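Here are the chains, one letter per residue:
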Amino acid sequence: MATAAAAEGPPEARVQVAKQDPAVETAEEAKEPAEADINELCKDMFNKMATYLTGELTATSEDYKLLENMNKLTSLKYLEMKDIAVNISRNLKDLNQKYAGLQPYLEQINLIEEQVAALEQAAYKLDAYSKKLEAKYKKLEKR
């Protein structure tokens, strides 16, 4: 009750009670800054905000410049790839034309190959027949 009586007493007594009791917090009266300080703080805030926004816009601008450069490089790469594809297409057409020009010769080679195979078979048959004849001749000679 002594503290309650001190809390109801003069303000000096209240301050002493607050200093003695660590659970009690004291508040100081908020004072408004002078008019000149408010103007300075506003100017400082606007300057800092302008710096921040300038930095953000600069970063965004740099991002767009980077994207633009990347797009330019990509379009150059696609042009190179297009040129390569055109060259491949042209070379393929030339190769097909050359193959078409060689086609009659390839057919002749295939025909000759078939004839050689048939001739080889005839030579084997002739060889087998000559061996049979030789065997008959030797058989007849022995008699």
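Rules and cut-offs
Residues numbered from 1 in each chain as written. Predicted model: local features only at pLDDT ≥ 70, side-chain atom pairs only at ≥ 80, totals over all residues. Heavy atoms only, no water. Helix = DSSP H or I, 4+ residues; strand = E, 2+ residues; numbered from the N terminus. Buried < 20%, exposed > 50% of the residue type's maximum accessible area, 1.4 Å probe, protein only. Areas by Shrake-Rupley, 256 points an atom, 1.4 Å probe, with all protein chains shown as cover. Patch = residues over 30% accessible without salt bridge, like charges linked within 9 Å, V, L, I, M, F, W, Y side chains within 5 Å. Salt bridge = Lys/Arg side-chain N within 4 Å of Asp/Glu carboxyl O. Expected span 1.5 Å × (residues − 1). Bend = angle between axes of the 7 residues up to and from the residue. Lys, Arg positive; Asp, Glu negative; His and termini not counted. Charge placed at Lys NZ, Arg CZ, Asp CG, Glu CD. pLDDT = per-residue confidence, 0-100. Contact = heavy atoms within 4.5 Å.

Asker: Just to check I follow, could you spell out the overall build of the protein for this structure?
Answerer: From N to C terminus, the protein includes three helices and zero strands. If you list the helices and strands of the protein from N to C, you get α-α-α. A buried classification covers 2% of the 143 residues belonging to the protein. On the protein, roughly 13,900 Å² of surface is accessible, and the fraction owed to carbon and sulfur atoms is 61%.

Asker: In this structure, what is going on with a nonpolar patch on the surface? I would like to understand it.
Answerer: A surface patch of nonpolar side chains, amounting to about 530 Å² of accessible area, comprises Tyr99, Leu102, Tyr105, Leu106 and Ile109. Here Leu102 shows up in helix H3 (residues 35-142).

Asker: I tried to follow H3 on my own but got confused; where do I start?
Answerer: Residues spaced three or four apart along an α-helix face the same direction, because each turn holds 3.6 residues. Here H3 is 108 residues long and its end C-alpha atoms lie 149 Å apart, about the 160 Å a rise of 1.5 Å per residue gives. Of all the bends in H3, the greatest, near 40°, is centred on Gln103, and the proline Pro104 appears no more than four residues after it.

Asker: Is there a simple way to explain a positive patch on the surface in this structure?
Answerer: Taken together, the side chains of Lys132, Lys136, Lys139 and Arg143 define a basic patch exposed on the protein surface. As for its placement among the helices and strands, Lys132 is situated in helix H3.

Asker: It is not clear to me how the confidence of the model for the protein should be interpreted in this structure. Could you clarify?
Answerer: A low pLDDT means the predicted coordinates there should not be read in detail. Summing up the model confidence of the protein, the mean pLDDT is 86 and the portion of residues at 70 or higher is 82%. Model confidence for the protein, summarised as mean pLDDT per element, is weakest for helix H1 (residues 2-8) at 46 and strongest for H3 at 95. When the criterion is pLDDT under 50, residues 1-7 qualifies, and its contacts beyond four places in sequence or with other chains add up to five contacts.

Asker: Just checking my understanding: could you explain the pattern of salt bridges for this structure?
Answerer: Opposite charge on two side chains makes pairing possible when the charged atoms of those side chains draw close. A complete count under the given rule lists six salt bridges for this structure. In this structure, the salt-bridge partner of Lys131 is Asp127, at a minimum N-O distance of 3.6 Å. Taken together, the residues Lys131 and Asp127, both in helix H3 and four residues apart, mark about one turn of the helix. Residue Lys131 is classed as exposed on the basis of its relative accessible area, which comes to 52%.

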